[in-house]
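If you want the building blocks of each chain, they are given just below.
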Amino acid sequence: MRVAIRCRSCADGRIATVLLAGLVIAMSAVAGRPPLRDGPVVWYEDDRRPIPVPDQYDPLPISSEIRATVSRPIGRALDPVRWLTGADGPAWNPNALGEVPGSTWFTNRMGLRRLTAEELATGPGREGPSRDGPWEIIGAKQGGVTMGFRIRDAAGQVWLLKFDPPEHPGQSIRAGVVSNLILHACGYNTPVDRVVVFDRDQLSLGVDASLRTVRGTGEVRLTEANLDSVLQATDSVFDGRYHALASRFLDGIPLGPIRHQGTRPDDPNDHVPHEHRREWRGLRVICAWIGHNDTKIQNTLAMYEGEPGAGHVAHYLLDFASSLGTSGAETFAKFNFEYGVDLPASLGRLATLGLRRDVWQTMPWPTHLDEVAHFHSLHFDPRSWSPIYPNSAFANLTTEDGYWAAKIVSAFTDRDLRIMVEQGRYQDPRAVDWLVEHLGRRRDIIARTWFDEVAPLDFWTWDGAALSGHDLGLERGLYPVEETRYRARARLVDERREGGAWSDWRALEGPVWSPDRAFDRTAGRFLAVQFQVDRGRGWQDPITVYVGPRSGRVVAVDR
């Protein structure tokens, strides 16, 4: 629900619109759900309408970090809406089934269908830079903590060639590629990132290629001699050949990072505050799964795609080098367990004079695997997982958002994980085995965490005679069949979900319900069927499924 008002003190009433809409949405969590509608479920967001090229957004990293770490957490603590409702409210953009419509932010992939082995291995693109000719170095990599170059391949495509920190050869480039593939399979937009293996003669120097000095005081022309020196310093040679991550520059006009909060004021298609997008909230669960802790806004990018005046803005995630236990130039065991600046954790250590050891200090990290670092499933708690910097969307995560993300994560099989991990081209096969094992264990922990909160009865269909669903908890091997039982009841309701008395609960063999008498829906009444499941610990909260009176289709699901 959106409510717009005119604010004379605001240029266009935008601030008042967002504030009032936020209050309405938060209160709607208490008041109830939107009216039922017997029409097609919305599966695509209309956010590709042509717009002029928006302005560049280029905040200073330090100001972004201060907002993320200090001002926004304080603002949340003092938010009167949260005081009134006791919650952040539901996400604004799910459809009537609780799914996220496709958009410039998200594409439904693994959550709604099985991906083939080829799709999992390819992701946004399987081929690295063209090898039909040399890779011309046109400049040094800008920003970040690792060495790299901008190159142009024989096809004229520009790539970023990134190396591992010399202290940890083989870690971040491989983790970056694997996490890229996982996030893409989950539905997010990512660039083409591939591990490339090459010889020194694959590189050639561009006429104007330069290199920033060690002291950062200026740039010097890149020569064959200092190129050899830089390559040697990367310590990225395995079996006599260089290993690096090649990331293809995105097509279009870069507009800068994506705000974690609010909307882009010069993009009319951007109408949902980012902290209220389910895919942005649920990203927290997926990042916890792969340990992607460096989720600052500088690792996102808005791109204007299309000819100026005829294009639109698309939204990308970038740079996954700090994932799967890696942390760039320095690997910190505490990352993923607490924020980079975490006052409660620091005060706790101070109060105990360091005598109390944190969980991350006692973890049996895989020190025998140089390519893995700090990645484990022991003591993994997706609810308490922390990125380096707080994030407004992550902080707004609700149980329903977590369930949506857990449904995606739980769809990956061990075979799927192995296909993607192998694209990292790990030199030690034990590293592949370790990552597949612990990604699988973390996947199951995530699924149980939210499936215990929200009964995973999903993907409903009505064939005119029976309403059938899937028990994702059983299908994905998370709960024992012998301890699972179901029941359902039904009634007819109007668009406000109001109606007569429920029928008696009836035991079911599975999440399949058939009416024991004919329901007359000719008066425009929706068929509402409420399901419950018991795993041996009592009945979970019900799931209500609605069938439209005219369409005869499932039109909404309440969880």
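Above: the structure in question.
Presented here is a report on the structure given in the accompanying data block. Since the model is a prediction, treat every value here as computed from it, not as a measurement.

Criteria and cut-off values
Residues numbered from 1 in each chain as written. Predicted model: local features only at pLDDT ≥ 70, side-chain atom pairs only at ≥ 80, totals over all residues. Heavy atoms only, no water. Helix = DSSP H or I, 4+ residues; strand = E, 2+ residues; numbered from the N terminus. Buried < 20%, exposed > 50% of the residue type's maximum accessible area, 1.4 Å probe, protein only. Contact = heavy atoms within 4.5 Å. Areas by Shrake-Rupley, 256 points an atom, 1.4 Å probe, with all protein chains shown as cover. Pairing = 2+ DSSP bridges. Axes fitted to C-alpha atoms, helices over the stretch in contact; angles between N-to-C directions. Polar contact = N/O pair within 3.5 Å; in protein donor to acceptor, adjacent residues only side chain to side chain. Salt bridge = Lys/Arg side-chain N within 4 Å of Asp/Glu carboxyl O. Core = buried A, V, L, I, M, F, W, Y, C linked by side-chain atoms within 4.5 Å. Phe/Tyr/Trp six-rings, centres within 6.5 Å; stacked < 30°, edge-to-face > 60°. Lys NZ or Arg CZ within 6 Å of the ring centre and 35° of its normal. 1 Å grid on protein atoms, 1.4 Å probe; cavity = no way out; pocket = protein on both sides within 12 Å on 5 of 7 lines; lining within 4 Å. Points joined across faces, edges and corners; volume = space filled by probe spheres on them. Nonpolar A, V, L, I, M, F, W, Y, C, P; charged D, E, K, R; others polar. Arc of directions from axis to C-beta. Parallel < 35°, antiparallel > 145°, perpendicular 65-115°, else oblique. Left-handed = near helix turned anticlockwise from the far one by under 90°.

As a further point, take the overall build of the chain. Assigned secondary structure in the chain consists of 13 helices and 20 strands. Counting every position in the chain, which comprises 559 residues, the buried fraction comes to 55%. For the chain, the proportion of contacts with a sequence separation of at least 24, taken over those separated by at least 6, is 71%. Accessible area for the chain stands at about 25,300 Å²; split by element, carbon and sulfur atoms hold 54% of it.

Below, the discussion takes up the sheet that holds strand β11 (residues 300-305). The three strands lie next to each other as β10-β11-β12, forming an open sheet whose pairing is antiparallel. One side of each edge strand has no neighbouring strand; the edge strands of this open sheet are β10 (253-256) and β12 (312-317). Across the sheet, the axes of successive neighbouring strands diverge by a mean angle of 35 degrees, strand direction being ignored.

Unusually for a residue other than glycine, Ala-373 sits at a positive phi of about 70 degrees. Its place among the elements puts Ala-373 in the loop between α8 (343-351) and α9 (392-395).

What follows covers the side chain of Asp-47. Looking at the element boundaries, Asp-47 is found in the loop between α1 (14-31) and α2 (61-77). Reaching out from Asp-47, the side chain makes a polar contact with the side chain of Thr-104 at a distance of 2.7 Å.

Bringing the pattern of salt bridges into the picture now. Note that side chains of opposite charge can pair when their charged atoms are close. Counting across every chain of the model gives 36 salt bridges. In this structure, Arg-264 and Asp-266 form a salt bridge, with 3.2 Å as the shortest nitrogen-oxygen distance. The partly exposed category is assigned to Asp-266, whose relative accessible area is 28%. In this structure, Arg-430 engages Asp-428 in a salt bridge whose closest nitrogen and oxygen atoms are separated by 2.9 Å. Residues joined in a network through salt bridges with shared partners are Glu-99, Lys-407, Asp-458 and Arg-559.

What the three strands build is an open sheet, ordered β13-β14-β17; its pairing is antiparallel. The sheet is open, and its two borders are formed by β13 (457-462) and β17 (512-513), each paired with just one other strand. In this structure, strand β14 (residues 467-471) lies alongside β17, joined through two bridges in antiparallel fashion. Bridge pairing in β17 places Ser-468 opposite Val-512.

Moving on, we get to the nonpolar core. Ranked by internal contacts, the top residues of the largest apolar core, which has 93 residues, are Trp-289, Phe-412, Leu-467, Trp-513 and Phe-531. Top contributing element to this core by residue count: helix α12 (residues 429-451), with ten residues. Setting aside residues up to four positions removed in sequence, Trp-289 forms contacts with Ile-182, Cys-186, Phe-375, Phe-380, Val-409, Phe-412, Leu-417, Leu-439, Arg-442, Arg-443 and Ile-446. Listed in part, the 21 residues of the second largest apolar core include Ala-140, Val-196, Leu-222 and Tyr-242.

We now examine the packing of aromatic side chains. Per the stated rule, a full pass over the model turns up twelve aromatic pairs. Their ring planes at 25 degrees and their centres at 5.7 Å tell us that Phe-198 and Tyr-242 sit as a pair that is stacked. Of this pair, Phe-198 sits in strand β4 (residues 193-198) while Tyr-242 sits in strand β9 (residues 241-248), placing them 44 residues apart in sequence. Accessibility assignment for this pair places Phe-198 and Tyr-242 in one class, buried. Ring geometry for Trp-385 against Phe-394: centres 6.4 Å apart, planes inclined by 55 degrees, an arrangement best described as tilted. The pair formed by Trp-385 and Phe-394 is uniform in burial state, with each residue classed as buried. Among the aromatic side chains, those forming a connected cluster through ring pairs are Trp-135, Phe-149, Phe-163, Phe-198 and Tyr-242. Here the basic side chain of Arg-174 rests over the ring of Phe-238, its NZ or CZ set 4.9 Å away from the ring centre. Over the aromatic face of Trp-505 sits the side chain of Arg-487, whose NZ or CZ is 4.3 Å from the ring centroid.

Attention shifts here to empty space enclosed by the protein. Going through the model one piece at a time under the given rule, you end up with three cavities of 30 Å³ or more. Estimates place the volume of the second largest cavity at around 100 Å³. Ranked by residue count, the leading element in the lining of the second largest cavity is helix α7 (residues 278-290), at three residues. Considering only residue class, the lining of the second largest cavity consists of eight nonpolar, six polar and one charged.

Another aspect to go through is helix α6 (residues 224-234). Every buried residue belonging to α6 is among Leu-227, Val-230, Leu-231 and Thr-234, and all of these are buried. Buried residues of α6, seen end-on, are gathered within an arc of 95 degrees and therefore sit on one face of the element. Away from the buried face of α6 by more than 90 degrees, exposed residues Ala-225 and Gln-232 are located. Positive backbone phi, approximately 55 degrees, marks Asp-235, located one or two places after α6.

A word on the environment of Trp-360. Looking at where Trp-360 falls in the secondary structure, it is placed in the loop between α8 and α9. Between the C-alpha atoms of Trp-360 and Phe-332, which are 28 residues apart in sequence, the distance is 9.5 Å. Filtering out sequence-adjacent residues up to four positions away, Trp-360 remains in contact with Ala-333, Lys-334, Phe-337, Glu-338, Arg-349 and Trp-365. At 3.3 Å, the side chain of Trp-360 forms a polar contact with the side chain of Glu-338.

What follows deals with the packing of helix α11 (residues 414-421) against α12. Two elements in contact, α11 and α12, have axes separated by 9 Å at closest approach and are oriented at 135 degrees. Considering their axes alone, α11 and α12 lie oblique with respect to each other. Handedness of the crossing formed by α11 with α12: right-handed. The residues of α12 that touch α11, namely those facing Asp-414, Leu-417, Arg-418 and Val-421, are Val-432, Asp-433, Leu-435, Val-436, Leu-439, Gly-440 and Arg-443. Residue composition of the contact of α11 with α12, grouped by class: six nonpolar, one polar and four charged.

Such coordinate-based values are descriptive only and should not be taken to indicate function.
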